[in-house]
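# Report on the structure
One letter stands for each residue in the lines below.
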Amino acid sequence: MIKKAILPVAGLGTRFLPASKSIPKEMVTVVDRPAIEYVVKEAVAAGIEQIILVTHSSKASIENYFDRNFELETTLENKKKYDLLKLITEIVPAHVSIVSVRQPQPLGLGHAVLCAKDIVGDAPFAVLLPDVLVKDSDPENDISLMIKRFSASQASQIMVEAVPDHLVDQYGIVDVASSPAEGQSVVMQGIVEKPAVGTAPSNLSVVGRYVLPAKIMQLLEQTPKGAGNEIQLTDAIAALQTTDTVEAYRMKGQTFDCGSKLGYLKAVLHYGVAHPHLGEDFKALIKELAL
Ligand code: G1P
């Protein structure tokens, strides 16, 4: 089974300025938790036991968030604030470890994944891009189904969703003979990073969830710079697909692009109304504001 997940968090988040000027975009709060926590929880719900953060010197607050904070814990304990103590000590379950490695230069997503090569070793792994939150009401989430499918077939899994035709140039786009049903995978014929509008092989976009074999690391080592003059994970997947089966998995959950301001606000609304303690009051607030 797949137990390791790479979360590339080294990006500077220019789409989220000014907020991301002095805090990592992954630490921006969605309701009462930083965005990255939702992605870590998504991975943990799918059975992941080691989270590998590929990070940058300016982003120590992400590592601090997942570390113990002895001073805060002691203070809360002394003040008998056990509810708060529980909140901060149960962010990730005890069997999950969070490790980090630096991406020394901003050479692209493919390069970021490659930075985790030594930690991943010979095992297959998942990649979750933390800009996108995936909300799923089913007990078994999309990444969990992708891992099951990989374990059964050894076919790499690339999560996709349909996007309007005029937006294909913002995503990786897959080439498939027919579009899979939600929750299903089909063999991919190709994948291309950010094709120009009118040239895309489909409107199925790569969401930012992948299940890949360890050999993708060797392919990444040989991948030249591609779109945006960066080493693209998409290009290494295209190379993998010439020798191995790669499948497009069509997601059933809902995505929120928290790298964009409007996507972030939408996420706050959706996660806010679903919050176990704040949801009802938040709904009342929204009704009060309804224009
Ligand atoms: C990356 C991937 C792209 C994918 C997108 C999803 O692009 O390279 O294939 O569709 O994430 O968010 P980026 O958004 O980093 O430019």
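Nothing here was measured: the structure is a model prediction, and the numbers come from that model.

### Comments concerning the packing of helix H10 (residues 261-273) against helix H11 (residues 279-289)
Here H10 crosses H11 at 130°, and the two axes come no closer than 7 Å. Relative to H11, the element H10 lies oblique. Where H10 approaches H11, its residues Val268, Leu269, Gly272 and Val273 are matched on the opposing element by Gly279, Phe282, Lys283 and Ile286. For the contact of H10 with H11, the residue count by class is five nonpolar, two polar and one charged.

### Details of the UniProt feature "domain: Nucleotidyl transferase" (unreviewed entry) in the chain
The sites that carry the UniProt feature "domain: Nucleotidyl transferase" (unreviewed entry) are, in the present numbering, residues 4-268. Helix makes up 30% of residues 4-268 and strand 26%. Its end C-alpha atoms lie 28 Å apart.

### Observations concerning helix H9 (residues 233-240)
Along H9, the residues that are buried comprise Leu233, Thr234, Ala236, Ile237 and Leu240. Angular distribution of buried residues about the axis of H9 spans 160°; they occupy a single face of the element. Summarising the contacts, the buried residues of H9 are in contact with helix H5 (109-114), strand S8 (156-162), strand S10 (185-193), strand S11 (204-212), helix H8 (216-221) and strand S12 (246-250).

So, how was this worked out
Residues numbered from 1 in each chain as written. Predicted model: local features only at pLDDT ≥ 70, side-chain atom pairs only at ≥ 80, totals over all residues. Heavy atoms only, no water. Axes fitted to C-alpha atoms, helices over the stretch in contact; angles between N-to-C directions. Helix = DSSP H or I, 4+ residues; strand = E, 2+ residues; numbered from the N terminus. Parallel < 35°, antiparallel > 145°, perpendicular 65-115°, else oblique. Contact = heavy atoms within 4.5 Å. Nonpolar A, V, L, I, M, F, W, Y, C, P; charged D, E, K, R; others polar. UniProt positions renumbered as here; feature names shortened; annotations may be inferred. Buried < 20%, exposed > 50% of the residue type's maximum accessible area, 1.4 Å probe, protein only. Arc of directions from axis to C-beta.

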